[in-house]
Structure formats: structure tokens, C-alpha cells
Amino acid sequence: MFTHVVRAYFRLAVILSLLPFLWTPLAQAQGAEQLPQITLAEAIDRTLSQNPELAIYRLREQALAGKVATAALRPPVGLGAELENFAGEGGADNAELTVSLSSVIELGGKRSARVGAVYAQQDLLLAEEQATALDLLGSVIRRYVEVLAAQQRLALARESAALADDTLETVDRRVKAAASPKAESLRARAAVSRARLAIDSEERLVKYHKLALASLWGGDATSFRLDSNELYRFPASDSFAVLFSRAQQNPAIARFASEERLQDAELRLAEAQSSLDVGWSAGIRHSREIGETTLVAGFELPLFPARRNAGAITTAIAERERVAVEREAALLRLKSRLFRAVSGREQALTTVETLRGEVIPTLRDALAEVERAYRRGRYSYLEWASAREELIGARQAEIEAASAALRFGAEIEQMTAAPLLSAGAEPTK
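Rules and cut-offs
Residues numbered from 1 in each chain as written. Predicted model: local features only at pLDDT ≥ 70, side-chain atom pairs only at ≥ 80, totals over all residues. Heavy atoms only, no water. Salt bridge = Lys/Arg side-chain N within 4 Å of Asp/Glu carboxyl O. Helix = DSSP H or I, 4+ residues; strand = E, 2+ residues; numbered from the N terminus. Buried < 20%, exposed > 50% of the residue type's maximum accessible area, 1.4 Å probe, protein only. Axes fitted to C-alpha atoms, helices over the stretch in contact; angles between N-to-C directions. Parallel < 35°, antiparallel > 145°, perpendicular 65-115°, else oblique. Left-handed = near helix turned anticlockwise from the far one by under 90°. Contact = heavy atoms within 4.5 Å. Nonpolar A, V, L, I, M, F, W, Y, C, P; charged D, E, K, R; others polar. Phe/Tyr/Trp six-rings, centres within 6.5 Å; stacked < 30°, edge-to-face > 60°.

Q: I'm lost on the pattern of salt bridges in this one. Help?
A: Side chains carrying opposite charge are able to pair once their charged atoms draw close together. Enumeration over the complete set of coordinates arrives at 16 salt bridges. Here Glu411 makes a salt bridge to Arg337, at a shortest N to O gap of 3.0 Å. Placement of Glu411 in helix 10 (residues 381–416) and of Arg337 in helix 9 (residues 310–375) is noted, with a sequence separation of 74 residues between them. Overall, the relative accessible area of 11% leaves Glu411 in the buried class. Among the residues examined, Arg337 registers a relative accessible area of 35% and is labelled partly exposed. Arg395 is the partner of Glu398 in a salt bridge, and the nearest nitrogen-oxygen pair spans 3.8 Å. Of this pair, Glu398 and Arg395 both sit in helix 10, three residues apart, which is roughly one turn of that helix. Considered together, Glu398 and Arg395 belong to a single accessibility category, that of buried residues. Taken together, the shared-partner salt bridges in this structure form one network comprising Glu159, Arg356, Arg395 and Glu398.

Q: How do you make sense of the environment of Leu406 when you look at a structure like this?
A: Relative to the helices and strands, Leu406 is located in helix 10. Judged by relative accessible area, Leu406 falls into the buried class, the value being 3%. On a C-alpha basis, the gap between Leu406 and Ile141 in space is 8.3 Å, while along the polypeptide they are 265 residues apart.

Q: Got a minute to help me understand the packing of helix 2 (residues 40–50) against helix 4 (residues 110–176) in this structure?
A: Geometrically, a packed helix pair is captured by the angle between its two axes and the distance between the axes. As a packed pair, helix 2 and helix 4 sit with axes 10 Å apart at the nearest point and diverge in direction by 140°. Taken together, helix 2 and helix 4 sit at an angle that is classed as oblique. Relative to helix 4, the crossing made by helix 2 is right-handed. Along its contact with helix 2, which presents Leu40, Ala43, Ile44, Thr47 and Leu48, the element helix 4 presents Ala133, Leu136, Leu137, Val140, Ile141 and Tyr144. Classifying every residue of the contact of helix 2 with helix 4 by side-chain character gives ten nonpolar, one polar and no charged.

Q: Whenever I open this one, the packing of aromatic side chains confuses me. Can you help?
A: Think of a pair of aromatic rings as described by two things: how far the centres are apart, and how the planes are tilted against each other in angle. Following the criterion strictly, the structure yields four aromatic pairs and no others. Ring geometry for Tyr374 and Trp384: centres 5.0 Å apart, planes at 40°, overall tilted. Taken together, the residues Tyr374 in helix 9 and Trp384 in helix 10 connect sequence positions ten residues apart. The same class applies to Tyr374 as to Trp384, namely buried. Through a chain of ring-to-ring contacts, the aromatic side chains of Phe240, Phe244 and Phe339 assemble into a single cluster.

Shown next, in the form of C-alpha cells:
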């Protein structure tokens, strides 16, 4: 029951902590397709509720609950019977029947050590489930971003096709007026065909990325839509030092603490096995020869249990030390990965800002100027087409940089198990 509460709390905490930062879309009227719009928070909730990878942990939890019940059992009591002298010279008259109960008295806290080891396995299982939930969270965000980017590329392809159509009309008028060669009209017509092919390709990619997203919760890719404007909403971020401090509490790292506790429990169990277990028996013996019934009792002590258990203790100590070394190695890898993600996000944000604030407006003005000059016969179609492709290329670069910024942000949030900007912190400049 406790693990169910912890799991529900973790799931709720993930969604609520990230909700203010995960590009909550503004209310919009439904488009022509009249599809319901889902937010990132809704996609995360569906995945954490319905993804089968997390359902596996509930089955593993049930298996461990059975192990707890088994580990808590006391040594069994056995019933034994022994018949002697029933086939001697005196026949059955000399037979002796002994009926006894026997068991083992466990010393050294073996039962509590067994139960503690299984409880430690449950703690480790919960840490693994939380790490898996964070991996799924990262997958949801990445696939969500891929859908947003695909939708923006599709919109850009349609804009590009509209530009190509307008260009073709203008070129055809000049060709009919004998102001431009017919080759320019053929080139413009080919550009229109390529633009329509690009639309078809981008439409297929949108369907594919929506299918990949919906597969995380087993949903239907045709039953929802996303707000494409979310691609350009970027939450602020703490400094690298603050992020790395939070990353050290990541369930993927905290898992090592749970594993260390498990190995400590395994060591205590191995040490408890070195203690003596006293075997006992008690019963009654009836002799038909003398017609007498007596009580009998006995005990049994194993010899040199500590010597026989020394190897298990050595193994348990080595496993505990291995976990500590693996944790340090994981922290080093995490620090390098986090720095790469933070640097990549900052570079992507700078690229988006430069493209949106300087490059794209300049290229848009340049395209308008070249178009006016073409209409007056000062520039050729090739120069007009080149200016148009430069603008489209810059818009494509903007989409890729924006999606990269969000993907890096998702990676950072996955590593830190928290929003990019901690509650109450001031955005970094």
C-alpha cells in the first residue's frame, strides 16, 4: 500500500512541478480538422497512467510482497515418527515407537535480516520505477517537440508553396509580355512541383511523429492536435551549478543509494548466517516390551558456521563497494552530459534569437526588394529564387534551433527531475 501511495505522489509531483514550465498553450479555436488539442501535461499524464513499462513494476511489487511474507516465516516445525525393534527375535512385542516434533531456533536476527533485505529490494524497485518514469517523461517531451517541429515544417512548406505559386504567376506574366525568357517560367513551374512534394513529405512526417507520441500511451494518432506555437515558448533556466546540484538527487542517482541500502541489508543477512542455529526435537517414546512411555528430547549444533559463511560475507562487502564506485562514475557521466545539454540549449536559444530578431527580418526585406526589382526587370528569376530559398532556409534553421532548445531542455529536466527554473528563483540573464 505504501508503495502505491509513493508512486502516485511521484507521478503527481512530476506533472505539477513541470506544469508551469512546459509551454502550456493558450486557448485557441479548433482548426478545420476539429480535433481536440492536448497539452504536454496531458500527454505526460496519459503516458504515466497507461504505458505498459510502468505496469511491469506493479507485477514486480506483487512478487516482492510474496517474498516479504516468505521471509517473515519462522522455521517450520516437523512431525517425525520412528519405529525400532519391530522385526527382531521378539517380534512386534519388542517394538519401540517414538513420535517427536522438531525445528530450528534461529539466532543472530536471521529473520529480521531476511525481511530487511526484501524491504531494501522494494526501495530499490521504487527508485527504478521513478527512474523509468523520468525516462518516459523525457521521451514524451522529445516526441512532443518532434510533432511541434514537424507541424511548423509543414506550415513552412505550405508557405513556400504559396510563394512558389505567386512567383509562377508573376513569371508567366513577364514571359507572356516577352519581358523574360520561357526558361524562367519552366523553372518556376518546377519549383512549384517541388514545393508540393515537400508538403506531401512533411504531412507524412507529421503523421509519423504523432503516431510515435501516441504510442507512448497506446492512443490514436489521428485523435488529437498540438498548438504549434509551443515550439517557441522557452522557460528560463537556473545556472549550471544549481542544475547539477539538483541532478545529484535524480532517481537514477538516488537508485544507487537504494542499492547501497540493499547491499547493506545483504551484508547483515550474510553476517547473521554466521550465527548458530540450534536444532531441537522433543517427543514421546513407547516401548511395548516393558509397557512404558517416556519423554525424549534432543538438540543439534552445526560446526564452524562462520568459516563456511566467510565467502558470502566477502562477496557482500565487495558488492557494496562496487555500488559506491558505480555511483561516482555515474555522477561524472551525468555532469558531462548535463554540461553538454546546458551549453547546447544556450547555443540553440542564441541561434533562435538571432534568426528571429536579425536574419529572418533582413532576408524578408531582401526578398521583397528583389521581387520589386524583378518586376521592373532589374533582377533575373534566379536571383529572386535564390532570395526566396535563403529566407526559407533561415526559417527552417529557426525551427531546428527551437526544437533543439526544447529537446536540450527536456534532457536537463530529465536529468534533474525538476523544472529548468526552481521555484522562487530569478531567471538567469
